[in-house]
Amino acid sequence: MVRLLAVAAGMIVANLYYAQTLVGPISASTGLSPGAAGLVVTLTQLGYCLGLLFIVPLGDRLENRRMIVTGIAFTSAALAAAALAQSALVFLLAALCIGLGAVVAQVLVPFAAHLAPQASRGEIVGKVVSGLLLGIMLARPLASLVAGYAGWHAVFAGAAVALVGLALVLHHKLPQRLPVAGPAYPQLIKSLWHLFATTPVLRRRAAYHAALFGAFSLFWTTAPLYLQGPGLHLSQTGIAVFALVGMAGAVASPVAGRLADAGHTRIATGVALSLGTVSFVLPMLAPASRPVSLALMVAASILLDMGVAANLVLGQRAIYTLGAEVRSRLNGIYFALFFAGGAAGSSIGGWIYATHGATGAMAVGMALCALGQAYWVTERGTANPRAA
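In this text the structure is predicted, and so the values were computed from the model without any measurement.

A. Expanded view of the packing of helix 4 (residues 64-84) against helix 8 (residues 152-173). Packing of helix 4 against helix 8 leaves a shortest axis separation of 8 Å and a crossing angle of 165°. With respect to helix 8, the axis of helix 4 lies roughly antiparallel. Helix-helix and strand crossings are classified by hand; for helix 4 and helix 8 the assignment is left-handed. Only Trp152, His153, Phe156, Ala157, Ala159, Ala160, Leu163, Val164, Leu166, Ala167, Leu170 and His171 of helix 8 make contact with helix 4, whose side of the interface consists of Arg65, Ile68, Val69, Ile72, Thr75, Ser76, Leu79, Ala80, Ala82 and Ala83. Per-class residue counts for the contact of helix 4 with helix 8 are 17 nonpolar, four polar and one charged.

Structure (structure tokens):
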């Protein structure tokens, strides 16, 4: 069941990231200007944020299997619309809907936490999140490879078909889970603010990951543009190989889960944030040599993916200890907040790259990670780190 949940989470969340390495061809095909190219990624992340706030909380009220299968079917329809899009407006509306539907991945992760015993919850959640992260990391090279041979429309068409198959498998394999009767939907949504206001650990973990994920989104929005540019001249296939190497960062998630289970969350968080900062310093050291510049970019992508993978698991492990009856809502708030950071990062990244080039983009990414580190330092004076 853990393997099934991991594969499903990866397949669902991958749909948020197919466009990241296709920003150039999609923008050119649909008529988006270079300064607005970041919207290709931003609209998907914005839809995901909205879904996290208004759909994921229903995981604490509705039967989970039906909710997951319905969300996957909706996402498949949105992907089909993106595949058929000929204009920027149609594609961006489809991207928004893809984000809305893909939030069911965040019903699957709390589902795994419900199944897991307390003593190994961090490790099991880490395994499911590993699948989710592999989906994110595989999405980029897969999209580049398919687009290189069949065009970007084929990427979204293939993803739509794959999700239909996944929905059928989950309908037959997932056990039903009907949560204990909770508040009506309006009260459920109103409770989100109360949970945010009264849960310091949620606010802290969301702030850490919003900074890191904003930097991550900025990197993967601008890196393909830089790699295709006059300095490196990579093809879509070359970008696919570059993104594939970055998958090595996924190994950090189960390790982070075990560290959290052992009580080392705070120091592991500091390491994860530091990896993010270093990953943006490396490309800024790039010399005139093309091979060395490319090697530094590869190292940066691995370190950044490691930091994001580790910090995500550490945050989820922390908030999943706060009560099963509100787990979906806490998870939804957590993801919505840091995906808002991601949407901001991708949007700013496109504009910064268009106006200040790769160096400007890397400097902004480094600053975002440094903000997260500065906030992490304040945790040292907390008597109870779990509560603040």
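B. Representation of the packing of aromatic side chains. Applying the stated criterion across every chain yields a total of 17 aromatic pairs. With a centroid separation of 5.5 Å and an interplanar angle of 80°, the aromatic rings of Phe91 and Phe156 are classed as edge-to-face. Placement of the pair is Phe91 in helix 5 (residues 88-102) and Phe156 in helix 8, with a sequence separation of 65 residues. Residue classification places Phe91 among the buried residues on the basis of a relative accessible area of 2%. Consider the rings of Phe335 and Phe338, whose centres lie 4.6 Å apart with planes at 50°: the pair is tilted. In this pair, Phe335 and Phe338 both sit in helix 15 (residues 327-377), three residues apart, roughly one turn of the helix. Using a relative accessible area of 2% as the deciding quantity, one classes Phe335 as buried. According to the relative accessible area criterion, Phe338 is buried, its value standing at 1%.

C. View of the layout of surface pockets. Put simply, the second largest pocket is a space of about 180 Å³. Forming the boundary of the second largest pocket are 15 residues, of which Gly10, Met11, Ala14, Tyr18 and Gly135 lie nearest the centre. Mapped onto the lining of the second largest pocket, the elements with two or more residues apiece are helix 1 (2-13), helix 7 (121-150) and helix 8. Across the lining of the second largest pocket, the residue classes break down as eleven nonpolar, four polar and no charged.

D. Representation of a nonpolar patch on the surface in the model. Among the surface-exposed residues, Leu46, Leu50, Leu53, Phe54 and Tyr185 lie close enough to one another that they form a single nonpolar patch of about 390 Å² accessible area. Of all the elements, helix 3 (residues 39-54) adds the most residues to the nonpolar patch, at four residues. Inspection of the secondary structure assignment puts Tyr185 in helix 9 (residues 185-198).

E. Looking closely at the nonpolar core. Judged by nonpolar contacts, the single largest core of 122 residues is most densely connected at Tyr17, Tyr48, Ile72, Phe91, Phe156, Phe219 and Phe339. With 13 residues, the single largest contributor to this core is helix 10 (residues 200-228). Among residues more than four places away in sequence, those in contact with Ile72 are Ile12, Val104, Leu163, Leu166, Ala167 and Leu170.

Cut-offs used in this document
- Residues numbered from 1 in each chain as written.
- Predicted model: local features only at pLDDT ≥ 70, side-chain atom pairs only at ≥ 80, totals over all residues.
- Heavy atoms only, no water.
- Axes fitted to C-alpha atoms, helices over the stretch in contact; angles between N-to-C directions.
- Helix = DSSP H or I, 4+ residues; strand = E, 2+ residues; numbered from the N terminus.
- Parallel < 35°, antiparallel > 145°, perpendicular 65-115°, else oblique.
- Left-handed = near helix turned anticlockwise from the far one by under 90°.
- Contact = heavy atoms within 4.5 Å.
- Nonpolar A, V, L, I, M, F, W, Y, C, P; charged D, E, K, R; others polar.
- Phe/Tyr/Trp six-rings, centres within 6.5 Å; stacked < 30°, edge-to-face > 60°.
- Buried < 20%, exposed > 50% of the residue type's maximum accessible area, 1.4 Å probe, protein only.
- 1 Å grid on protein atoms, 1.4 Å probe; cavity = no way out; pocket = protein on both sides within 12 Å on 5 of 7 lines; lining within 4 Å.
- Points joined across faces, edges and corners; volume = space filled by probe spheres on them.
- Patch = residues over 30% accessible without salt bridge, like charges linked within 9 Å, V, L, I, M, F, W, Y side chains within 5 Å.
- Areas by Shrake-Rupley, 256 points an atom, 1.4 Å probe, with all protein chains shown as cover.
- Salt bridge = Lys/Arg side-chain N within 4 Å of Asp/Glu carboxyl O.
- Core = buried A, V, L, I, M, F, W, Y, C linked by side-chain atoms within 4.5 Å.

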